[in-house]
Amino acid sequence: MAKPLYVFDMDETLINADCAMIWNQFMVEKGIATEPDFLEQDKRLMALYAKGEMDMEDYLEFSMAPLLDLPIEQVNLLVEECVEQHILAKQFSQSKTLIDQLRRDAIEMVIISASVTFLVEAVGRRLGIDTALGIDLVEDTSCYTAEIKGVPSYREGKVTRLKQWLEAQPEQYTEIHFYTDSINDLPLCEYADYSYLVNPCPRLRAQATRPNWQILNWT
């Protein structure tokens, strides 16, 4: 009996935006991130990400700095507010339709994202995807740190994290379907049985001649 698994990148794939950038803007609006050039630095680092050149440790040191003294419970409440007010409305209509259909068909889904876990899980819950893998952070005295716990779900790390998750499941899946927009996810595209490139960046689009790869134009 077929048992497919649908795996999704989050930013610019399920959501027509980058949730981490929205979150950083939200922190500025809330007065949590107060560095004068915080958003300019964010844009600079995300431009490197788009080119597949961002150092994740550098990004986390920057992006987590405003949160290091906030209790985890407070951070999580702020994340829920941000998701509700600024992120949900940006979901692609096609991703909503697909998720609804997969839930009706009882087909399992996973989000795997290079954003931090507390953000990925919050978005996933609201989109209807219960399993969400992001970059786990070490916790220190009830606060998040900028230190990565385990393997970061970034580039080749996404394949590693997905394999770890699969090994922990009671049943095997017959095929993996993966949706993404980013060249950073090329390793997972190559690992999956079927890859769907959602409004892909030019470098990823150039790979779409491969068997079982399809370009999707979502709005």
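Quick look at the structure, then. Since this is a predicted model, take the numbers as computed values, not measurements.

Summing up its helical and strand segments, the protein has nine helices and eight strands in all. Taken over C-alpha atoms, the radius of gyration comes to 17 Å for the protein, in line with the 17 Å a tight globule of 219 residues would show. Taken along its principal axes, the extent of the C-alpha atoms in the protein is 50 × 35 × 30 Å. Residue pairs at least 24 apart in sequence account for 61% of intrachain contacts in the protein once pairs closer than 6 positions are excluded. Taken as a whole, the protein presents about 10,800 Å² of accessible surface, with 48% of it coming from carbon and sulfur. Placing the 19 positive and 36 negative side-chain charges of the protein at their respective mean positions leaves the two points 6 Å apart.

Taken residue by residue, helix α3 (residues 56-64) has Met 56, Tyr 59, Leu 60, Phe 62, Ser 63 and Met 64 as its buried positions. With a side-chain oxygen positioned 3.0 Å from the backbone nitrogen of Glu 57, the residue opening α3 is Asp 55.

In this section: helix α2 (residues 38-50). An ideal rise of 1.5 Å per residue puts 18 Å on 13 residues; α2 measures up with 18 Å between its terminal C-alpha atoms. Of all the residues in α2, the buried ones are Phe 38, Asp 42, Leu 45, Met 46 and Tyr 49. Down the axis of α2, the sector holding all buried residues measures 100°, keeping them to one side. Exposed side chains of α2 directed beyond 90 degrees from the buried face belong to Glu 40 and Lys 43. Buried-residue contacts for α2 involve α1 (19-29), α3 and β2 (108-116). Gly 52 sits one or two positions beyond α2 and adopts a positive phi of about 75°.

Turning our attention to the packing of aromatic side chains. Here the structure, examined in full by the defined rule, presents twelve aromatic pairs. An angle of 35° between the planes, with centres 5.9 Å apart, marks the rings of Tyr 179 and Trp 218 as tilted. With Tyr 179 in strand β6 (residues 175-180) and Trp 218 in the segment after β8 (213-216), this pair connects stretches of sequence that are 39 residues apart. In this pair, the class of Tyr 179 matches that of Trp 218, namely buried. Grouped by ring-pair contacts, the aromatic residues Tyr 6, Phe 8, Phe 92, Tyr 179, Tyr 196 and Trp 218 constitute a single cluster.

With that settled, the discussion passes to the environment of Asp 136. Inspection of the secondary structure assignment puts Asp 136 in the loop between β3 (131-135) and β4 (137-140). Residue classification places Asp 136 among the partly exposed positions, given a relative accessible area of 27%. For Asp 136 and Val 116, which are 20 residues apart along the polypeptide, the C-alpha to C-alpha distance reads 6.3 Å. Leaving out residues up to four positions away in the same chain, Asp 136 has contacts with Thr 117, Glu 147, Ile 148, Lys 149 and Arg 161. Engagement of the side chain of Asp 136 in a polar contact is seen with the side chain of Thr 117, the distance being 2.5 Å.

This paragraph deals with the pattern of salt bridges. In this structure the tally under the stated criterion is ten salt bridges. In this structure, the salt-bridge partner of Asp 136 is Arg 161, at a minimum N-O distance of 3.5 Å. Of this pair, Asp 136 sits in the loop between β3 and β4 while Arg 161 sits in helix α7 (residues 156-167), and the two are 25 residues apart along the sequence. One network of salt bridges, with partners in common, ties together Asp 9, Lys 158 and Asp 185.

A separate point is a negative patch on the surface. On the surface, Asp 55, Glu 57, Asp 58 and Glu 61 cluster together into a negatively charged patch. Position of Asp 58 among the secondary structure elements: in helix α3.

Before going further, it helps to examine the sheet that holds β3. To summarise the sheet geometry, strands pair through backbone hydrogen bonds and adopt either a parallel or an antiparallel arrangement. Reading across the sheet, the six strands line up as β3-β2-β1-β6-β7-β8 and stay open at both edges, with parallel pairing between neighbours. Strand pairing shows two members of the sheet lacking a second neighbour, β3 and β8, which therefore form its edges. Ignoring strand direction, the axes of neighbouring strands in this sheet form an average angle of 20°. Looking at chain direction, β6 and strand β7 (residues 194-198) are connected through four bridges and run parallel. Looking at the pairing, His 177 lines up with Tyr 194 of β7. The strands touched by helix α6 (residues 117-127) are β2 and β3; relative to β2, the strand with the most contacts, the crossing angle is about 145°.

Further remarks concern the state of the cysteines. Covalently bonding the sulfur atom of one cysteine to the sulfur atom of another cysteine gives a disulfide. On inspection of all chains with the given rule, the structure shows zero disulfides. Summary of cysteine pairing: Cys 19 is not part of a disulfide, and the nearest cysteine sulfur, belonging to Cys 82, is at 8.0 Å.

Rules used in this analysis
Residues numbered from 1 in each chain as written. Predicted model: local features only at pLDDT ≥ 70, side-chain atom pairs only at ≥ 80, totals over all residues. Heavy atoms only, no water. Helix = DSSP H or I, 4+ residues; strand = E, 2+ residues; numbered from the N terminus. Rg over C-alpha atoms; globule rule 2.2 N^0.38 Å. Contact = heavy atoms within 4.5 Å. Areas by Shrake-Rupley, 256 points an atom, 1.4 Å probe, with all protein chains shown as cover. Lys, Arg positive; Asp, Glu negative; His and termini not counted. Charge placed at Lys NZ, Arg CZ, Asp CG, Glu CD. Buried < 20%, exposed > 50% of the residue type's maximum accessible area, 1.4 Å probe, protein only. Polar contact = N/O pair within 3.5 Å; in protein donor to acceptor, adjacent residues only side chain to side chain. Expected span 1.5 Å × (residues − 1). Arc of directions from axis to C-beta. Phe/Tyr/Trp six-rings, centres within 6.5 Å; stacked < 30°, edge-to-face > 60°. Salt bridge = Lys/Arg side-chain N within 4 Å of Asp/Glu carboxyl O. Patch = residues over 30% accessible without salt bridge, like charges linked within 9 Å, V, L, I, M, F, W, Y side chains within 5 Å. Pairing = 2+ DSSP bridges. Axes fitted to C-alpha atoms, helices over the stretch in contact; angles between N-to-C directions. Disulfide = S-S within 2.5 Å.

In short, geometric facts, not functional conclusions.
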